Amino acid sequence: MQLRERPGPPGPYAAPDEIAPPRPDVSTGGTRYADIEYARVMGFRPLRLDLLLPPAPSGPVPVVVWIHGGAFLFGSRLHGPVTEPACRALIERGVAVAL
């Protein structure tokens, strides 16, 4: 008798084949992986982030995790006028940003 796995809830995060291909980010001059699902919480919306990479990294780069505040109740990680200058400055210095 062969046992089969029962279908269950979705996995805890997005699989690599569920991540959209990167695109150039004109606001920072880097590359953006948009809306990466990093956690799935039952009964709640998926938690997502954008990953901004410096142009043409030659290897591993340091990463800053940008937390916008808002106590997980309001606001957005995509506050363009607020985050763009800081992200651009980090990207220019070869630092990736997860926001």
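Attention in this report is confined to the structure presented alongside it. This structure is a prediction, so every number in the text was calculated from the model and none was measured.

Before going further, it helps to spend a moment on the overall build of the protein chain. The number of helices and strands found in the protein chain is one helix and five strands. Of the regular secondary structure in the protein chain, the N- to C-terminal order runs β-β-β-β-α-β. For the protein chain, the residues scored as buried account for 24% of the 99 residues in total. Considering only residue pairs separated by 6 or more positions, the protein chain has 52% of its internal contacts joining residues 24 or more positions apart. When the accessible surface of the protein chain is summed, it comes to about 7400 Å², and 62% of that surface belongs to carbon and sulfur atoms.

Attention now goes to the pairing of strand β3 (residues 47-53). In terms of strand pairing, strand β2 (residues 30-39) meets β3 through six bridges, oriented antiparallel. Bridging from a neighbouring strand, R32 pairs with L52 of β3.

Turning our eyes to something else, we now look at the nonpolar core. Among the nonpolar cores identified, the biggest contains five residues, and these are L52, C87, I91, V97 and L99. Not counting residues within four places of it along the chain, the set of residues in contact with V97 comprises D50, L51, L52, V64, W66, C87, L90 and I91.

Rules behind the numbers
- Residues numbered from 1 in each chain as written.
- Predicted model: local features only at pLDDT ≥ 70, side-chain atom pairs only at ≥ 80, totals over all residues.
- Heavy atoms only, no water.
- Helix = DSSP H or I, 4+ residues; strand = E, 2+ residues; numbered from the N terminus.
- Buried < 20%, exposed > 50% of the residue type's maximum accessible area, 1.4 Å probe, protein only.
- Contact = heavy atoms within 4.5 Å.
- Areas by Shrake-Rupley, 256 points an atom, 1.4 Å probe, with all protein chains shown as cover.
- Pairing = 2+ DSSP bridges.
- Core = buried A, V, L, I, M, F, W, Y, C linked by side-chain atoms within 4.5 Å.

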